[in-house]
Amino acid sequence: MEVFTQLFGGLLLFVYHCFDRIVINGYLSGLSRPEQVVHFFRQILGVPILSKEVLAQRTNDYQNWVEAFARNHHIPIEWGQKGVRKEDQVLPWLRRMRKKGSYGVYFIFKSMEQGPTFRISVPKYPTKDPNHRILAHQRSRFTHYYFYIYDQVLGPIVMRVASFLPFQATYYLNGHSFIEQELNRSKVAFRKNDNAFLAVDDVAALQAAADRLSPQIIQKQLDYWTLILGPKFSQRERKQINLSRFYAIGQIEYCRNFIFKRNFPIHKIFERSCEIGLWRLTANRISELFGVRLTKQLRGKLGTVIDQIEHGHHVFRAYWKNAFLKQYEKFCTFLRNELCSNNLCDFGLRKGLEHLNAVRTKFLAITDRFAGLQAQWLNVHVDFPLLQRIALPITTGSVYYAGIKIHETRIIRLLEVLLHGSNNLGAWSAKHIHQVILESFQLTKKAYGLNQLRYDLRKLKGHGLLERDGSRYAYRLTSKGIQIALLFLFFHKRLCGPLANSRFHHQPEPIYRPESKLEAAYHKADTAIQDIVNLLAAA
């Protein structure tokens with residue numbers, strides 16, 4: 001991480017790290033195993049024969065309660081449509097809740113999905129107890145309810161509840177939503193897009209809010225909504241059997257986010273790092289990143305891939321067992337390194353929600369190593385379309401300025417005169433510049449007139465390369481103009497000229513080259529160009 005900040009600190013606005021998407025499974029501790037269910041119905045409720053109808057009654061009671069809850073609170077309840085993203089469909093209702101400043105359930109989806117339940121069968125052979133039934137685990141397709149909740153602490157969350165015993169619940173939350181609620185309470189201004197903070201007044205407050213997300217805070221809110229929206233049990237039932245939920249992490253993502261000042265460096269740097277990282281991130285490097293030894297007994301994926309989600313938007317992934325590291329850029333200035341795990345046992349971590357802080361520590365170290373490794377790949381020369389940009393015409397208000405092309409001889413002459421003379425003598429008038437150009441390049445007024453010079457000066461000024469000296473009609477190069485003038489002249493006279501001559505006219509013999517570092521560099525460039533030509537021909 002220190003290497004990344006050292007290399008790109010001047011291009012960064014701020015950096016923060018936090019949990020992103022978290023999926024938590026909630027299990028009813030007292031009704032998870034068949035023997036517990038039998039004990040609950042026969043010993044606590046006094047049901048002599050445990051049958052399908054008895055279990056179905058619990059399901060019907062809960063489904064009727066959900067329908068009545070939605071009707072009484074005027075909450076939309078619909079079946080999920082195939083091919084329609086649920087989050088997009090409920091977004092208007094979420095915006096309405098935020099606008100009113102209220103909290104609670106704002107939408108309910110019904111969905112037919114596979115889930116765990118129990119199968120009841122009569123014993124094949126008679127037993128001493130005529131009421132004995134065999135209860136076993138099975139997976140079947142039945143109704144699940146998705147409660148979309150706007151929570152005061154966690155922000156927008158989703159709670160999925162199965163309508164069949166053992167009423168397993170799944171909770172979907174996002175660390176960025178929690179941070180947003182914390183910053184709003186602290187009255188810290190920020191700009192957030194989807195699950196990313198693009199600007200914030202106090203970076204330290206942002207990171208402090210991210211670090212405050214604890215298992216105690218999450219469990220308190222999940223317990224509350226499970227009691228309100230989950231299946232109903234009487235006070236007597238709760239006293240005689242443990243009906244609290246055990247929360248286990250099913251999927252978790254931890255991200256390290258870099259927000260750049262401008263779009264250009266991050267977009268081009270990321271493209272170049274994908275090219276290098278795809279070849280450099282070998283199996284040994286991946287194992288080092290995740291802090292394990294590479295052995296033949298390693299199960300699961302181990303490799304790198306680049307996914308193109310949409311045109312021009314790539315995601316670099318490094319897979320390891322049931323986890324993967326990914327890097328992607330979006331929102332023009334946003335770069336994210338994210339570690340996603342579907343099985344915490346791969347990292348030697350426990351799945352219980354109470355171990356969330358250990359997950360943060362472990363994942364933070366892995367993303368830190370990944371950032372350090374990526375910094376080396378990102379520290380490369382990338383293509384900047386300066387020549388293409390400056391060659392395009394621009395319009396400022398109603399004024400049109402033609403583009404500046406690197407092959408224009410008039411522009412090269414003008415930049416050379418301005419660069420070599422105006423910095424020492426101060427701003428020059430157009431007539432003075434015209435006279436110097438004519439004398440320096442042995443030109444006549446007919447070959448290069450004063451009006452032509454004024455047209456060229458107007459182009460340079462329109463592109464921000466030239467500025468006037470106060471209110472005088474005298475001109476000097478801007479700081480941007482000096483850089484571009486140096487680039488143009490260097491390209492033409494010192495770089496392109498000698499290399500072009502060696503490629504097309506005469507290539508000096510390397511054996512008898514003079515003792516000159518500059519000439520040695522030219523020979524290396526010739527060799528490198530020839531190698532590239534050979535590689536392209538072979539491809």
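For the structure, see preceding data.
Here, residues in each chain are numbered from 1, in the same order as that chain's written sequence. A pLDDT threshold of at least 70 governs which residues receive local features in this predicted model, and a stricter bar of 80 or more applies before side-chain atom pairs are shown or counted, although totals over entire chains, interfaces and linings include all residues. Working from all heavy atoms in the structure, the side-chain values ignore hydrogens and water.

Novice: Would you take a moment to explain the overall build of the chain for this structure?
Specialist: Every helix listed is a DSSP run of H or I at least four residues long, and every strand listed is a run of E at least two residues long, numbered separately from the N terminus. Check the secondary structure of the chain and you find 17 helices and 18 strands. Buried positions account for 45% of the 539 residues belonging to the chain. As displayed, the chain offers around 29200 Å² of accessible surface, 53% of which is attributable to carbon and sulfur atoms. The buried label applies to any residue whose accessible area, calculated with a 1.4 Å probe on protein chains only, is under 20% of its type's maximum; exposed applies above 50%, and partly exposed to all values in between. Methods summary: accessible areas were calculated by the Shrake-Rupley approach with a probe of 1.4 Å, and residue burial reflects only the protein chains presented.

Novice: Help me out: how do you make sense of the pairing of strand E9 (residues 245–260) in this one?
Specialist: Looking down a regular strand, the side chains alternate between one sheet face and the other. For E9, a buried count of 14 out of 16 residues is recorded, marking the element as mostly surrounded by other parts of the structure. Summarising the sheet, strand E1 (residues 12–28) and E9 pair through 14 bridges and their orientation is antiparallel. Directly across from Gly26, in E9, lies its bridge partner Tyr247. Here E9 runs beside strand E13 (residues 334–341); their pairing, made up of eight bridges, is antiparallel. Residue pairing for E13: Glu253 is matched across the bridge by Cys340. Paired strands are those between which DSSP finds at least two bridges.

Novice: How do you make sense of the sheet that holds strand E18 (residues 474–477) when you look at a structure like this?
Specialist: Backbone hydrogen bonds hold the strands of a sheet together, and the pairing may be parallel or antiparallel. With antiparallel pairing, three strands are arranged side by side in an open sheet as E16-E18-E17. Edge strands, defined here as strands with exactly one partner in the open sheet, are strand E16 (428–429) and strand E17 (466–468). The pairing of E16 with E18 spans two bridges and is antiparallel. Across the sheet, residue Trp428 finds its bridge partner in E18, namely Tyr475.

Novice: Mind showing me how you'd approach the nonpolar core here?
Specialist: Most often, soluble globular proteins keep nonpolar side chains buried together rather than apart. By size, the foremost hydrophobic cluster in this structure holds 61 residues, and its most contacted members are Phe147 and Phe290. If you tally residues by element for this core, the top one is helix H11 (residues 356–378), at eight residues. The criterion used for residue contact is that any of the two residues' heavy atoms lie within 4.5 Å. Sequence-distant contacts of Phe290, defined by excluding residues within four places in its chain, comprise Ala318, Trp320, Ala323, Leu325, Leu339, Phe347, Ile366 and Arg369. Residues grouped as a nonpolar core are buried Ala, Val, Leu, Ile, Met, Phe, Trp, Tyr and Cys residues, joined through side-chain atoms within 4.5 Å. In terms of nonpolar packing, the next biggest core, distinct from the first, is built from 29 residues, Ile411, Ile433, Ile437 and Phe488 among them.

Novice: How should the packing of aromatic side chains be read in this particular structure?
Specialist: Centre-to-centre distance and the angle between the planes together describe a pair of aromatic rings. Here is the rule: rings of Phe, Tyr and Trp (six-membered ring for Trp) pair when centre to centre is within 6.5 Å. Planes less than 30 degrees apart are stacked, more than 60 are edge-to-face, and the remainder are tilted. What the rule picks out here adds up to 22 aromatic pairs. Here the aromatic rings of Tyr62 and Phe167 are separated by 6.1 Å at their centres, their planes lie at 65 degrees, and the arrangement is edge-to-face. Here Phe167 lies in the loop between strand E5 (155–162) and strand E6 (169–174) and Tyr62 lies in helix H3 (residues 52–72), a separation of 105 residues in the sequence. An identical accessibility class is assigned to Tyr62 and Phe167; each is buried. Geometrically, the ring pair formed by Phe107 and Phe109 is tilted, given 4.8 Å between the ring centres and 45 degrees between the ring planes. As far as the burial class goes, Phe107 and Phe109 line up, both buried. An aromatic cluster is built from Tyr62, Trp65, Phe69, Tyr145, Phe147 and Phe167, whose rings are joined through pairwise contacts. Both a distance and an angle decide whether a charge sits over a ring: NZ of Lys or CZ of Arg must be within 6 Å of the ring centre and within 35 degrees of the ring normal. Directly above the ring of Tyr146 sits Lys86, whose terminal nitrogen or CZ lies 5.1 Å from the centroid. Here the basic side chain of Lys232 rests over the ring of Trp65, its NZ or CZ set 4.0 Å away from the ring centre.

Novice: What should I look at first to understand the packing of helix H14 (residues 430–440) against helix H15 (residues 450–462) in this one?
Specialist: Any two packed helices are characterised by how steeply their axes cross, that is the angle between the axes, and by the distance between the axes. Inter-axis angles, ranging from 0 to 180 degrees, are taken between N-to-C directions of lines fitted to C-alpha atoms, where helices are fitted over the stretch in contact. Between H14 and H15, the shortest axis-to-axis distance is 10 Å and the interhelical angle comes to 110 degrees. Between H14 and H15, the angle is such that the two are roughly perpendicular. Pair H14 / H15 crosses with right-handed handedness. Touching Ala430, Lys431, Ile433, His434 and Ile437 of H14 are Leu450, Leu453, Arg454 and Leu457, all from H15. Working rule for angles: under 35 degrees goes down as roughly parallel, over 145 as roughly antiparallel, 65 to 115 as roughly perpendicular, anything else as oblique. In a left-handed crossing the near helix is turned counterclockwise from the far helix by less than a right angle, and in a right-handed crossing that turn is clockwise.

Novice: When you look at helix H5 (residues 175–186) in this model, what are you seeing that I'm missing?
Specialist: Because an α-helix packs 3.6 residues into every turn, residues spaced three or four apart end up facing the same way. Under the 1.5 Å per step criterion, the end-to-end length of H5 is 17 Å for twelve residues, consistent within 8% with the ideal 16 Å. Across the twelve residues that make up H5, a large majority, nine, are buried. Polar contact is the term for a pair of N or O atoms within 3.5 Å; when the atoms are in protein, one must be able to donate a hydrogen and the other to accept it, and sequence-neighboring residues count only if both atoms are side-chain atoms. Looking at where H5 begins, the residue whose side-chain oxygen comes 2.8 Å from the main-chain nitrogen of His176 is Asn174. How far a helix is expected to stretch is found by multiplying one less than its residue total by 1.5 Å.

Novice: I keep staring at unusual backbone geometry and nothing clicks. Help me out?
Specialist: The bulk of non-glycine residues show a negative phi, and the bulk of peptide bonds are trans. The amide bond that connects Leu165 to the next residue, Pro166, takes the cis arrangement and shows omega of 10 degrees. If you trace the backbone, Pro166 turns up in the loop between E5 and E6.

Novice: Explanation requested: the pairing of strand E4 (residues 134–151) in the structure shown.
Specialist: Along E4, 13 of the 18 residues are buried, which leaves the element largely enclosed by surrounding structure. Pairing of strand E3 (residues 104–121) with E4, which is carried by 17 bridges, proceeds in the antiparallel orientation. Bridged to Lys110 within E4 is Tyr145.

Novice: What is the right way to look at helix H7 (residues 215–229) in this model?
Specialist: In this model H7 runs 21 Å from its N-terminal to its C-terminal C-alpha over 15 residues, within 8% of the 21 Å that 1.5 Å per residue would give. All buried positions along H7 are accounted for by Pro215, Ile218, Gln221, Leu222, Trp225, Thr226 and Leu229. For H7, the buried positions fall inside an angular range of 140 degrees around the axis, keeping them on one side. The exposed residues of H7 that point more than 90 degrees off its buried face are Gln216, Lys220 and Leu227. Each direction from the helix axis to a C-beta atom contributes to the arc, which is the arc of those directions.

Novice: Would you mind going over the packing of H5 against helix H6 (residues 203–211) with me for this structure?
Specialist: For the pair H5 and H6, the least separation of the axes is 9 Å and the interaxial angle reads 125 degrees. When the interaxial angle is binned, H5 and H6 end up oblique. Read as a crossing pair, H5 and H6 show a hand that is right-handed. Along the contact surface, H5 presents Phe178, Ile179, Glu182 and Leu183, while H6 presents Ala205, Leu206, Ala209 and Ala210. Side-chain classes follow a simple rule in which Ala, Val, Leu, Ile, Met, Phe, Trp, Tyr, Cys and Pro form the nonpolar group, Asp, Glu, Lys and Arg form the charged group, and the remainder, Gly included, forms the polar group. Considered class by class, the residues forming the contact of H5 with H6 number seven nonpolar, no polar and one charged.

Novice: Honestly, the side chain of Lys326 in this entry has me stumped. Any pointers?
Specialist: The residue Lys326 is located in strand E12 (residues 323–330) in this model. A relative accessible area of 13% places Lys326 in the buried class. Not counting residues up to four positions away in its chain, the partners in contact with Lys326 are Val315, Phe316, Arg317, Arg336, Asn337 and Glu338.

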